[in-house]
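Coordinate inspection notes
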Amino acid sequence: IPLELQRFTSVQFNIVDNYITHLPQQFCLLKTWMAGSVQRYGCNAIACPNGTFNNVGRQEHDESPCQPCPQGLADDSPYFGATSCLEHSSVLEILWELYTKTSGTKWNRKEGWDIFDQVNLLDDSDADWSGIEPCDFYGIDCMFNTIDTIDLHHNNLKGTIPKRLFELPHLTRLDLSRNAVTMTLQGFQTLGEKGGVTELNIANTLQQELDGIVL
């Protein structure tokens, strides 16, 4: 973020969920910025510092401070303005796993997802994910640039849904109905442990039982 912006006396901007690695400390003293929130919260009103997060990527109220990432995930959140502690590349790895384990090349619609036809993470662990925006993928809806809905109903998915799908931190709605898919016991346990998904539609799939759901 260019230091030259400090010449403006009033600034309201949104830089969350980008790849910002440095925020000039001079900004923290500009009390009129962010509708006066900088006076109360300093630079956190502009963007949560690296290694921390909240659901909007910056502090807007006393009740929504920037929280430290859990141990082991701080290194995966090197950017300012994070809305989760899951790095962009990790989100794409999860979506890649869903695509490859459910015969993605044969999906009815796969706009955006077809980038994974060009990448094999088993062969290329250092794949370059820059410029890939999962919010533009077919069936994905986002809020604040993070995935909150995946709707792939009646899309010719075939296979087992990877349990890592439920590690997407803001996923609340998942519709996999009318596909030849199943979920493992571990998948249901992960769903219960993460607790983010509030609407799960697996009607008319190959799932025979719901044992193992932990609520």
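Here we summarise the structure given alongside this text.

**What to know about the overall build of the chain**
- Regarding its fold elements, the chain presents three helices and eight strands.
- Going from N to C terminus, the chain has its helices and strands arranged as α-β-β-α-β-β-β-β-β-α-β.
- Classification of the 215 residues of the chain by burial places 43% in the buried group.
- Within the chain, residue pairs in contact and separated by at least 24 positions form 52% of the contacts whose partners lie at least 6 positions apart.

**Observations regarding the sheet that holds strand β6 (residues 173-175)**
- Spatial ordering of the open sheet is given by β3-β4-β6-β8, a layout of four strands whose pairing is mixed. Lying at the two open borders of the sheet, with one neighbouring strand each, are β3 (140-143) and β8 (199-201). When strand polarity is set aside, the average angle formed by the axes of neighbouring strands in this sheet is 20 degrees.
- Pairing between strand β4 (residues 146-151) and β6: three bridges, direction parallel. Bridge pairing links T149 to R173 in β6.

**Considering the environment of Q67**
- Inspection of the secondary structure puts Q67 in strand β2 (residues 67-68).
- Sequence separation between Q67 and F53 is 14 residues; the distance between their C-alpha atoms is 5.3 Å.
- Excluding its chain neighbours within four sequence positions, the residues that come into contact with Q67 are G51, T52 and F53.

**Here's the deal with the environment of C48**
- Here C48 is to be found in the loop between α1 (37-41) and β1 (52-53).
- Under the relative-accessibility criterion, C48 is labelled buried at 0%.
- Once you skip the residues sitting within four places of it in the chain, C48 turns out to touch F53, N54, G57, R58, C66, Y79, F80, G81 and A82.

The rules behind each value
Residues numbered from 1 in each chain as written. Predicted model: local features only at pLDDT ≥ 70, side-chain atom pairs only at ≥ 80, totals over all residues. Heavy atoms only, no water. Helix = DSSP H or I, 4+ residues; strand = E, 2+ residues; numbered from the N terminus. Buried < 20%, exposed > 50% of the residue type's maximum accessible area, 1.4 Å probe, protein only. Contact = heavy atoms within 4.5 Å. Pairing = 2+ DSSP bridges. Axes fitted to C-alpha atoms, helices over the stretch in contact; angles between N-to-C directions.

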